[in-house]
Structures are given as structure tokens and as C-alpha cells.
Amino acid sequence: MTGWRPVIVVASANGEVGMDAAWAILERGGSALDAVEAGVREVEDNAEDHTVGYGGYPNLLGEVELDASIMDGSTRAAGAVGALRGYRHAISVARAVMERLPHVLVVGDGAARLASELGLAREELLTAKARDTWRNGLDRSPSDAGGDGSLVERVQSVIGDIFDPELARQASGTHPAPGGTVNFLALDREGHLASAVSTSGWAWKFPGRLGDSPLIGAGNYCDDRYGAAACTGWGELTTRACTARMVVAGLASGQTLPEACGAALADLKGLEPGEPGGRGYVNLVAIDRSGRHLAASTKEGTEYVWRSDGMDRAERSPRSLVVA
Ligand code: GLY
């Protein structure tokens, strides 16, 4: 123990349901790594959150595929899973990749095998509510790219056959909640940082699509020496720009949090035009090694949650930096 230090946990707004679990661990002197995993697990359990874990929106074929990553700032060890099916706690499987395998990223059947070998319960992650939204969404999708019948009929006609990526493009136009993901960052009393991200990804995505959430450096990065950052929003942008790593690299070079986050979001400009419906937004949360934090977005009106010493509950606040 190196003496009393302030602790903090910061999450995307949908992390609110996991704040008490994360805080309880930090408050009693537990590790940042345990705190971020515990916070994310609560969100993965929340069937009403259709962007993460159980109840998440499925891919184009109606299968829920989860992506998650976790990083330990004290060692820069990291673990991640992609396109994991049948197990709700993707973050715990990601942690097992970090702690039990000589790898960083395991996907698909391999990730499910690891979950099974860990003794996790296999289950159907697609709830009736999410399935209805998926079917209704596909039925409402534009049909101007040719072909007969509703998109859902066309999707079902090609299951098991060579897939037509144009269907994924059309279906994504009906996305009901673009870009949802959960981020948790924490600083513990030992001065260690950890970061965790979990998502069911882009609803109606092409099967096997990975966003930024399982990609260390893109959606998640953490280093005790400088800080931690994680992203929600359009992963195709942050994947190309390595946004989380860019924030931490900015801190390493002496930038302040507003400078580092501002530069990382500004760097996304020009990658793609914003799309109708707002898919083109990206959100960030970041902490520096002293426990200062910042939440930023490319869009007005988004929120996050946070709690530090002296607060009796988590607070929901607007993201203070907007780089539109
Ligand atoms: N940021 C989450 C995703 O793009 O899948």
C-alpha cells in the first residue's frame, strides 16, 4: 500500500446500472481491474440495454455477437473477445484471454470455447424484445437496391448461402440505436488504472463484423503512466484512427485531457461524412494518471456517469467537450 489515494470511476451513461458495483470495489481498496469488470458485468446483465450483452441487438442473421476488451494499466496487459456467441459476460471472457492465454484477442468459436472451459453458462442472448425489433427493423428497411420481397424474407432466403453485403448496407439504414457500447474506466487506491469496453456492436451488422470495442488502441487503451481512454459510437471511425491510443499518447506527450481528447476527436474529421440518423458520432471518456477526467463527443447532448471520493452517488453529467 502506497498511502491513501483518491479513486474514481467513469463510464458511458448506460454504465449507470454498474456504478454501485464498481464503486463498492474501489471504495474498499479493491483493484481498478476488478471494478471495471464488475461494472461492465451489470450492464451485460441488463436486458433493457440493447447495445451490450444479454438482450443486445443481433447481427443481420438474428444472432447476438458480443465484443469486449479489458486493459490493465499497471502492466499494459490486455484481453479481448470478438463475435462471441452464447455467453453474456463477454468482459469476463476478455479478462480470461488476458490472464490465462498468451494472446490478446480471441474471436468466434474460439472465444465461445474459452467461455465454456471457464464454466460460464451458455444461453440464448436474443430476447423476444430484441428479436421483434430486429424483424420489424428489417421489414422497414429500404428495398431500392433490387430484389423482391421484404428484406427479412431476402435475408432468410440467403441464410446458409453466399451472403450479399448489400443486404447489410440496407439493413443498417434501419439501425434503431446506432453506436451503443459501454465504457468503464477506473483509478484505484494503489494508483492503478484499468479500462473495459463491451458491446453487441452495430445492430444488424454483417456477421463477424468487429468494431473498435475489442481492438486495443481503437476503442480501449490504458497505461498507468499517463491515463486511460475508451470510446463509444461509430467503431469504423475509431478503428481507423486508433482513437483511444491517440488520447493516451497525447497525455504521454504532455497534453492536457481537453487537448488530448480534442485532438483525437478532431482527427476523425473527414474520415466519413456524418450519416442521417447520427451514426457518425463518437464519444470518449478519459482519465489521467492523477484521476482528473473528461468526457467528450462529436455530438451535442450526450452524457456520461462518474463518481469519486466525497460523492454519495454516481452523477450523470453532460460531456463537457464537443468537437462537432
Ligand atoms: N463502438 C462500438 C462498435 O462500433 O461496435
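Structure: above.
Residues numbered from 1 in each chain as written. Predicted model: local features only at pLDDT ≥ 70, side-chain atom pairs only at ≥ 80, totals over all residues. Heavy atoms only, no water.

Student: Run through the overall build of the protein chain, naming residues and quoting values.
Tutor: Scanning the protein chain from terminus to terminus reveals 10 helices and 13 strands. For the protein chain, the residues scored as buried account for 57% of the 324 residues in total. Pairs at least 24 apart in sequence give 69% of the contacts found in the protein chain among residues at least 6 apart. Surface exposure of the protein chain reaches about 13,100 Å², of which carbon and sulfur atoms provide 48%. (Helix = DSSP H or I, 4+ residues; strand = E, 2+ residues; numbered from the N terminus. Buried < 20%, exposed > 50% of the residue type's maximum accessible area, 1.4 Å probe, protein only. Contact = heavy atoms within 4.5 Å. Areas by Shrake-Rupley, 256 points an atom, 1.4 Å probe, with all protein chains shown as cover.)

Student: Can you break down the packing of aromatic side chains residue by residue, with the values?
Tutor: Any pair of aromatic rings gets described here by the distance separating the centres and the angle formed by the planes. A complete count under the given rule lists 2 aromatic pairs for this structure. Measuring from centroid to centroid gives 5.3 Å for tyrosine 57 and tryptophan 204, while their planes differ by 65°, and the two rings are edge-to-face. In this pair, tyrosine 57 is assigned in the loop between α2 (32–45) and β2 (66–72) and tryptophan 204 in the loop between β6 (193–199) and β7 (220–223), connecting sequence segments 147 residues apart. Grouping residues by exposure puts tyrosine 57 and tryptophan 204 together as buried. Note on tryptophan 202 and tryptophan 234: the rings are 6.3 Å apart at their centroids and 85° apart in plane angle, and the pair reads as edge-to-face. (Phe/Tyr/Trp six-rings, centres within 6.5 Å; stacked < 30°, edge-to-face > 60°.)

Student: Got a sec to walk through unusual backbone geometry? Specific residues and values, please.
Tutor: Unusually for a residue other than glycine, arginine 76 sits at a positive phi of about 60°. By the secondary structure assignment, arginine 76 is in the loop between β2 and β3 (77–84). Despite not being glycine, tryptophan 204 has its phi angle at roughly 65°, a positive value.

Student: How would you sum up the pairing of strand β11 (residues 303–308)? Please name residues and give values.
Tutor: Successive side chains on a regular strand alternate, one facing one side of the sheet and the next facing the other. In terms of burial, β11 is largely enclosed, as 5 of its 6 residues are buried. Of the strand pairs in this sheet, strand β1 (residues 8–12) and β11 are connected by 5 bridges, and their pairing is antiparallel. Residue pairing in the sheet places alanine 11 in a bridge with valine 305 of β11. Relative to strand β12 (residues 315–318), β11 runs antiparallel, the two sharing 4 bridges. When the bridges of β12 are listed, tyrosine 304 appears paired with serine 317. Counting the residues between successive antiparallel strands, the hairpin from β11 to β12 contains 6 residues, one of them, glycine 310, with a positive phi of roughly 90°. (Pairing = 2+ DSSP bridges.)

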